[in-house]
Amino acid sequence: MKTVGIIAELNPFHNGHQYIIRKAKQITHADHVVILCSGNYVQRGAPAVINKYDRAKMALQNGASAVFELPVVYSTASAELFARAAIAFFEQLQCIDYLCFGCETDDMQTLFALAEILYKEPEGYQKNLYQALQTGLSFPKARQQALVQYCNENNLQNLSAVEPLFSKPNTILAIEYLKALQFFQSDIKPLAIRRQGADYHSLDIQSSFASATALRQKIKQQSLEEIRPLIPLNCFPILECSNKVYFEDFDLILGERLVRQNDFSEIYGISEDLSHRIQKTKSQYVNIKTYLDLLHSKNYTYSAISRALLHLCLGIRKEQVDQLICNGYHFYARLLGFQKSSEILSEIKAKSLIPLISRLSTFYHQSYGAAKEMLNLCIDCDNIYRMIITNKTGNLLPTEFESQIIVQ
């Protein structure tokens, strides 16, 4: 029995996700597809537009055998930690044969070569990176410049044209997945599936494969009919009925955090320099959108600032994240949904190095240590997400302990 793993946000689930699931099964001849999905918060530093259970249901209706949750401390982390924690999870399941991911290129030789440089960080590359950072570039831009320079200096002709490629978010994540597989000396076989249709940040909705960015914009504009062809038919009713959440819904929460704190350096993703910047500017806070513009500089990308502010809203501290990583990344597998006709859960239960949570309340009361710490943190963050929806709609929603696993 072969199983392919896919790491995704599904924010929202669209035709591109359906394509990757089908293509992954076709290429690998896998019997099962296991998706590790970000929960209610995503890597660009924002809440997911629709909740994790609805997104899991969409995936299960379109070829996934089981959907697990990537904990919030990792789903909102930098690309490197996001990828490493995701690979750590698949390693602990002990039943993933292939890792498939969408990417702007399916040239695995080039991706492996780039990952090798960034993983081993040879002296010439480190020197270039240091010099680039000294000019005030943000880390992503400095790394990109250092990598291109290193390839040119070492006559790596097949890699010298990586600059436009390396600026693509999916390619960056792909390289981080490959680095993480090296880090864990994993036997999981990686496979890139070339991205179809519009570019990652494109707002074009003419292609049948539009970007999630374009879809989120149309959802926010309440123009759902315009994107009906871009989402699998069985997903559209779920999207219509699901409560929508946006970062600006957190305006008052962030304002309260800014008022009550002066030192922000204990928050995950906030350096001392950024903490000082927040201290100096917090009196000018009006809302998240304008504050992001105020904090943005050549040293900090919008995504990095968004993640930092989201962590502030959620109360995620550096010390907590560091401890969880040191203790082994994952302490349980939180199941969001599964296909009852699939045998994958039986295999996971038999092989996994971490326990499978099928009933949260039972596991929670029996848990301790790092598992309890992780659960408390995730539940607190989910309660904030739930509170935001309740405040917007006036409807009380099920708590995490009351929510049911999706069974298809």
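Residues numbered from 1 in each chain as written. Predicted model: local features only at pLDDT ≥ 70, side-chain atom pairs only at ≥ 80, totals over all residues. Heavy atoms only, no water.

A. Molecular detail of helix α9 (residues 169-183). For α9, with 15 residues, the first-to-last C-alpha span of 21 Å sits near the 21 Å given by 1.5 Å per residue. With 11 of its 15 residues buried, α9 lies for the most part within the structure. Of the residues making up α9, those classed as buried are N170, T171, L173, A174, I175, E176, Y177, L178, K179, A180 and L181. Taken from the residues just after α9, Q185 is the one with a positive phi, measuring 50 degrees. (Helix = DSSP H or I, 4+ residues; strand = E, 2+ residues; numbered from the N terminus. Expected span 1.5 Å × (residues − 1). Buried < 20%, exposed > 50% of the residue type's maximum accessible area, 1.4 Å probe, protein only.)

B. The arrangement of the nonpolar core in detail. Counting residues in hydrophobic clusters, the biggest one holds 109 residues, and the most contacted among them are F68, F90, F101 and F250. In terms of residues, this core owes the most to one element, helix α19 (residues 369-393), which gives 12 residues. Apart from residues lying up to four places away in sequence, F68 is in contact with V34, I35, L36, C37, F89, A333, R334, L335, L336, L345, I348 and L356. Of all hydrophobic cores here, the second largest spans 38 residues; its members include A8, Y98, C100 and L239. (Core = buried A, V, L, I, M, F, W, Y, C linked by side-chain atoms within 4.5 Å. Contact = heavy atoms within 4.5 Å.)

C. Spotlight on the environment of K52. Its location among the elements puts K52 in helix α2 (residues 52-60). Owing to a relative accessible area of 0%, K52 belongs among the buried residues under this scheme. Ignoring anything within four residues of it in the chain, the contact list for K52 reads G39, N40, E69, R334, L336, D382 and E400.

D. Representation of the environment of E9. You can see E9 is positioned in the loop between β1 (3-8) and α1 (15-28). Between the alpha carbons of E9 and L129 there is a distance of 30 Å; along the sequence they are 120 residues apart. Apart from the residues within four sequence positions on either side, E9 is in contact with C37, S38, V42, Q43, R44, R55, S75 and F82.

E. Spatial organisation of the pattern of salt bridges. Taken as a whole, this structure holds 18 salt bridges when the rule is applied. With a closest N to O distance of 3.3 Å, K179 and E80 form a salt bridge. With a gap of 99 residues between them, K179 in helix α9 and E80 in helix α4 (residues 79-93) connect regions that are remote in the sequence. Exposure remark for K179: the relative accessible area of 5% places this residue in the buried category. Classification of E80 as partly exposed rests on a relative accessible area of 39%. One salt bridge in this structure joins R228 and E225, with 2.7 Å as the shortest N-O distance. Note on E225: relative accessible area 51%, which makes it exposed. Through salt bridges with shared partners, a single network forms among K52, E69, R334, D382 and E400. (Salt bridge = Lys/Arg side-chain N within 4 Å of Asp/Glu carboxyl O.)

F. Just the packing of helix α5 (residues 108-120) against α9, in detail. Between α5 and α9, the least distance of the axes is 9 Å, while the angle of their chain directions is 65 degrees. The handedness of the crossing between α5 and α9 comes out as right-handed. Note on element contacts: α9 touches α5 through T171, I175, L178, K179, Q182 and F183, opposite M108, L111, F112, L114, A115, E116, L118 and Y119. Its residues placed into classes, the contact of α5 with α9 shows 10 nonpolar, two polar and two charged. (Axes fitted to C-alpha atoms, helices over the stretch in contact; angles between N-to-C directions. Left-handed = near helix turned anticlockwise from the far one by under 90°. Nonpolar A, V, L, I, M, F, W, Y, C, P; charged D, E, K, R; others polar.)

G. A look at the packing of aromatic side chains. Overall, the coordinates contain 13 aromatic pairs when judged by the stated rule. Seen from their ring centres, F184 and Y329 are 6.0 Å apart, and the 75 degrees between their planes marks the pair as edge-to-face. Here F184, found in the loop between α9 and β7 (189-194), pairs with Y329, found in the loop between α16 (318-326) and β8 (333-338); they are 145 residues apart in sequence, far enough to count as distant. Judged by its relative accessible area of 9%, Y329 falls in the buried class. For the ring pair Y364 and F401, a centre distance of 5.3 Å and an interplane angle of 75 degrees mean the geometry is edge-to-face. Pair noted here: Y364 is in helix α18 (residues 360-366) and F401 is in the loop between α19 and β10 (406-407), with a separation of 37 residues, a long-range link. In textbook terms, an aromatic cluster arises when at least three aromatic residues are bridged by ring pairs, as seen for Y41, F247, F250 and Y385. Here R84 stacks its cationic end above the ring of F183, 3.7 Å away from the centre of that ring. The positively charged end of K372 is found above the aromatic ring belonging to Y364, 3.8 Å away from the centroid. (Phe/Tyr/Trp six-rings, centres within 6.5 Å; stacked < 30°, edge-to-face > 60°. Lys NZ or Arg CZ within 6 Å of the ring centre and 35° of its normal.)

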